[in-house]
Amino acid sequence: TTLLDRAAIVEHLTSTLRDVLFVEGATVWEREGDLLVRRGGVGRLSTSDPGLVTFEAQRRMLSRDEVDESLRLRAARPALRALFVALDATLLVPLSHQGRGAGVLAVGRKTAGGDLSADDVDVLATLANETAVALANASAVEQLDAAREGLRRAEHLAAIGELSAAVAHGIRNPLAGIRLAAQLGLEHALDDGPVRESLEDVLLEVDKLESQVRGIL
């Protein structure tokens, strides 16, 4: 369903921000291993990026204006400015799920200019929380689907293995009979006759087939 589809989740969020808060644009960046990956577009950023590490340590929204003006952030200002440029944003909103950082919502300027109101900030916080939960649910469903596919393949391989073993056992019994018949024939064959040579060839081929059957088992 669309509620569990990453692309649909991102589209719903960005359209809501555009239609309700009238922002020029927004992008969703989700943690994926040691990378921050843009959803619904192209872009990657290392989670060890100095600006990202500093932003996530704040555990709150952070605007480009605050970065430029805050004395407390002066030391980290170059790294944070680079982060805002990389994410093409004027406001960064953390995405968190179960107390852990899940990504970043990068928000652009308002279409008509001006700052976001207190109500706008509340809406952003709510949307960020809902988005983090939705993305986590989508990820869980993807992992479940992958596990089901892995189980299906394992069952398929197990069935093939059982069939191979049954076929191999079915081949070994006739081979044993062929070997016995050839060995009995050798006991009565002339030492240098064509019959002995043929029976020896039969035993050689039986050995090869039994070796292949043992490989299956």
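We now turn to the structure provided with this report. (Residues numbered from 1 in each chain as written. Predicted model: local features only at pLDDT ≥ 70, side-chain atom pairs only at ≥ 80, totals over all residues. Heavy atoms only, no water.)

Mapped onto the elements, T14 comes out in helix α1 (residues 6-21). T14 sits in the buried class, given a relative accessible area of 16%. One polar contact links the side chain of T14 to the main-chain carbonyl oxygen of E11, over a distance of 3.1 Å. (Helix = DSSP H or I, 4+ residues; strand = E, 2+ residues; numbered from the N terminus. Buried < 20%, exposed > 50% of the residue type's maximum accessible area, 1.4 Å probe, protein only. Polar contact = N/O pair within 3.5 Å; in protein donor to acceptor, adjacent residues only side chain to side chain.)

With that out of the way, let us pick up the nonpolar core. Side chains of nonpolar character tend, in soluble globular proteins, to be buried together. In terms of nonpolar packing, the biggest core is built from 21 residues, with L17, V28, V93, L95, L105, V107 and L124 touching the most fellow members. Elements that contribute at least two residues to this core include exactly α1, β1 (26-32), β5 (91-97), β6 (100-107) and α5 (118-188). In contact with L17, other than residues within four places in its own chain, are F22, V23, A26, L105, L124 and L127. Among the nonpolar cores identified, the runner-up in size contains 17 residues, and L62, L73, L83 and L87 belong to it. (Core = buried A, V, L, I, M, F, W, Y, C linked by side-chain atoms within 4.5 Å. Contact = heavy atoms within 4.5 Å.)

Let's shift gears to the packing of helix α2 (residues 50-58) against helix α4 (residues 77-87). Look at α2 against α4: their axes get within 7 Å of each other, and the N-to-C directions meet at 100°. Relative to α4, the element α2 lies roughly perpendicular. Contacts from P50, G51, L52, T54 and F55 of α2 reach α4 at A79, L80 and L83. The residue makeup of the contact of α2 with α4, split by class, is 6 nonpolar, 2 polar and no charged. (Axes fitted to C-alpha atoms, helices over the stretch in contact; angles between N-to-C directions. Parallel < 35°, antiparallel > 145°, perpendicular 65-115°, else oblique. Nonpolar A, V, L, I, M, F, W, Y, C, P; charged D, E, K, R; others polar.)

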